[in-house]
Every structure is written in structure tokens, then in C-alpha cells.
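Descriptive structure summary
Here is what each chain is made of, one letter per residue.
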Amino acid sequence: MKLKINNLVKKYDNKIILDNINVDIENTKVIGIIGKSGCGKSTLLRQLATLEDFDSGEIKINDIELSTVDKKKYRLEIGYVFQEHSLFPHLSVEDNIKLILEKVKKVSKEESKIIVQNLLNEFSLSDISKKLPAKISGGQAQRASIVRALSLNPKLLFLDEPTSALDPLLTKEVLESIKKLKEKGMEFIFVTHEMAFLKEIADYYVFMDEGQIIESGKIENLKESNSDKLKKFIDI
Amino acid sequence: MFKIQKDKLGKIAAFLLVISFLVYIFFFSIDNLNYKIILQEKEKLILALLSTLYISIVTLLISLISGFIFNLFQNINNVFFRTLSKILREIIMGTPLLVMIFLIVYVFGIRIQIYNKTMLGIIALSLYMTPYMANSYEAAMSIISERQYLVMELYDFNFFQKYRYIILPQIIKPFLPSMINNLSIIIKGSALLKIISVGEIAYIITVISNKSYASIEGYLVMWIMYLIITIPLSLLASHFAKRFSL
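Residues numbered from 1 in each chain as written. Chains lettered and ligands numbered in written order. Predicted model: local features only at pLDDT ≥ 70, side-chain atom pairs only at ≥ 80, totals over all residues. Heavy atoms only, no water.

Let's talk about the domain arrangement of chain B
Residues and elements named next belong to chain B. Selection rule: Bear in mind that the domain bounds are from an automatic or database domain assignment. Here, two residues are considered to be in contact whenever any of their heavy atoms come within 4.5 Å of each other. Once two parts are joined, some of their accessible surface, as seen by a 1.4 Å probe, is lost; buried area is that loss totalled over both.
Along its sequence, chain B is organised into domain 1 (1–31) and domain 2 (33–243). Taken over C-alpha atoms, the centre of domain 1 sits 32 Å from the centre of domain 2. Of the residues lining the interface, six residues belong to domain 1; the matching set on domain 2 comes to six residues. Between domain 1 and domain 2, roughly 600 Å² of surface is buried when both sides are summed, and carbon and sulfur atoms account for 81% of that area. Together, Ile25, Phe26 and Ile30 form the three largest contributors to the area buried by domain 1 at its contact with domain 2, with a combined 74%.

And the structure:
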């Protein structure tokens, strides 16, 4: 993955949330964004997924310029997992995935059945495929959200603190699923506050504070950081 | 156990009190009440009841659609339509139904040369109910989370797909009680159509009672006929509200 951000600024009601962000990353599969709550990491992820428009600057992902990209086409190539599961509550786990595949992306019923079955098997969700989101655990629902994002075979996946709404036990099962993504060679960018998970999964880290990137680098260099803020954050 | 019995007794006592009150009003409040004069026109009364139901159901169907469109305009990105719908909402909600009926029949109707009073009455009622129905949609749609809209945007759902597969299936349950309450309002409001001589309950009973100088009996029968329709609807709304409470 190539990620290049130049002078990115994002404001909400004239309040600067992302303040002149610059980063240049190449040949990396998994990027982890860390930082305190409210530092702008989720906002940055939403800009990368074109869920919001930024005010100024430039973002290039794999040489695709996001400010001019055809959003519809771009979104076909990405997946996004929100902080809390984003399954439609009136549809079963299986139908949540099938709906996107069949009605929105016009995949044939036969093909979607195979895709859904394979993914649910792979993520150990076959037993709950007919259940509504309200009838399964938060961890299962979040894993189902990941499966739904994967069902379209995205080239790049965004995960916005996918375990922040879960208790430690459920967090573990979701993190295991994300590990599986890495094993499959999937490219993804995730926001997290789980330092152990960042170290285990990410190839590259980006540390943010007050809307700015304080430090970024290869994960093996995290311990040698010069930033007091980052050192303090890691201690937390 | 004791509390359940106490609750039951309380309910029975309340029902008995109301029934006694109604019996008093209907049979003893005024001397020489003669319901025969009204009830002997049974066929006309049944037709009037059916007419009221017809007007109310057609109004409901039209206002379901117009309320939906109105709600869309209220939430649209286009400032012109959003502002227009807000202004219209304030004007319609501030207009008494009686005035609305007069405006539609004697201003709008004459201008476009429609003289079918039932149709104009239905238009007036539908127009009056549109912002109320739009409010019902708005309240029901508040159960759709921001995240669901983001997912729909991410997966590029078109307008039809959003409503057909995600929004409508979820809002039907919370919308039902409110819709039934609106139907009750329409049925009661339809009584005002008597001022333009539409043959619904209020008009037919007024005609019958005027012929026989039995206006008190007429209003009492009218009251009962409306209650026969509206009380079951109200109970149905409460049932749905309880069953589908979120």
C-alpha cells in the first residue's frame, strides 16, 4: 500500500480537527493509527474512506487522488468497519451480507450464497447466520460486520476502533479475526487504542495528538521513539 | 396477588362509573329523548358510516403518500425545498380544519372548476393531515441510526434501495400506532365536512334530526357512531405501541 497525505486540513464548524497532516508511507500492508480519544484519528480514517470531504490538502492512496476520485468506484474497492457493529438490525447476519451483494452490487444469488457461506465458515459465524444482530453477542456482530466488509473482496479495509465497544473477552475474538486478515495478506488501515494489538498487527504506526501527526514509522521503531507524548501514551 | 386483584377492581370500578355516566347522559339527562326518530333511518345511517369510513381511508392513503413526500422535502439537502416545506408546515398546522375546508372548496375548487364536494373534502383533509403524517414519519425514522445511513452511503444504496430494504421495513412498526392515531384524527375531522354537505355521519344525522326536531338525540347518536369507530382504533394503536415498543 502507498499512502501519501499532504497538508490535510479538516474542520467541523470552523474548528480544526485535522491540522495540516502530512505522511508518506510506501510498501506497507497494515497501518495502525493511535492516539488519545478526540485526537482526530477516526476523522482521518473517514477522510481516507471518502466518508467525509476534507477542507484542503491532498490524499493519495495507491496513487489514487481522493479529492478527484469517483467515489462510487473507489468505495467498491474498499471496506469499512465502524467502532460499533453496523449491521442492519432487521436483517439476519446472512441477509445483511447478501443484501449488499445481491441488491446493491448485483451479484447473482448463487454466487452470493457461496461467498457468504465461505466467509461465515472462515470466521466461525455459520451457527448464527440466521440470527438477528440483537440476538448475537457484540463480538459476533462486529465479526459479522468485518465479514460483510470483506464480502465485496475489497482491496483495502478500514477498521475504526472495532473493539472499542466490546468487553475484553469479546475484544479478543474480534482481534483474532483481524489477525486472520493479516494472515490472508489483506491490506488495511486501522485505528486502535490497543497497544499490544498495534505491535502485533501493524507494519507501520501513525501517532496523532490534537489533530496532528506527532510521529510515524515502522512498528519496530516504536520503542525508539523520540516523542515524549508518544512515550507517555505507550505507558498509558 | 392482592395487587392484581386490586388493579382489576380498580378497572371494573372505572368502567362502571363511565358506563353509568353514559347511561345517564343517553337516557336520563333530558326528558323525552326519542331515539326512534333517528334510528328509523337505519339505512341512511349505515351509508353515512360507510361514507365516513371511505373518506377517512382515502384521506389516510393520500396523506400517507403526501406526508412521506413532505418528510423527504423537510430533510432534503436542497435549501429551497427544505425552507418551503417548513413554511408550508407552519401555515398548514396553524390553519383550522374548518378554514382549510372552506379554502379548498370555495377558493381552490372554484378556481380549478372542481365541484365534487367529496373529492374536495378529501383533498382538504389530506392537505391538513400531511404535516402531521410527516411528523409521524420523522419520529419513526429516528430509530435508524446515523451509522446505518453511513453504511448505505458506503455501499452506494440508491434512493429506492435505501427505503425499500432498510428504512421502510424498520419504521413500519414504530409508525403504526402513530398512523392509527392519525386515522382517528381524520375520522373525527371528517365531521366538519358537513358544512359542505358531504354525506358522512355528521351531515346525514344533522339532516335527519333537523327533519324531526330531534337534534339532541341526533348528536348523541352521532357521538356513539364516532366512538364505535375511534375507540377500537385507539385500542389497536395502544396494542401496537405496546407490542412494538422499542
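What about the interface of chain B and chain A?
Here is the rule we go by: Note on definitions: salt bridges are taken to be side-chain nitrogens of Lys or Arg within 4 Å of carboxyl oxygens of Asp or Glu. N or O atoms within 3.5 Å of each other form a polar contact, as long as, within protein, one can give a hydrogen and the other can take it, and as long as residues adjacent in sequence are counted only when both atoms are side-chain atoms. For the purposes of this entry, the term helix denotes a DSSP run of H or I that reaches at least four residues, the term strand denotes a run of E that reaches at least two, and both are numbered from the N terminus.
Taken together, the 15 residues of chain B in the interface contact 21 residues of chain A. Looking only at chain B, the three residues that lose the most surface to chain A are B:Arg147, B:Leu154 and B:Tyr155, adding up to 40% of its buried area. For the interface between chain B and chain A, the tally reads two salt bridges. The closest approach of N and O atoms between B:Arg147 and A:Glu84, which form a salt bridge, is 3.8 Å. One can count six residue pairs in polar contact (both at pLDDT 80 or more) joining chain B with chain A. Contributing elements (two or more residues each) for the side of chain B that touches chain A: α7 (146–154) and α8 (159–189) of chain B.

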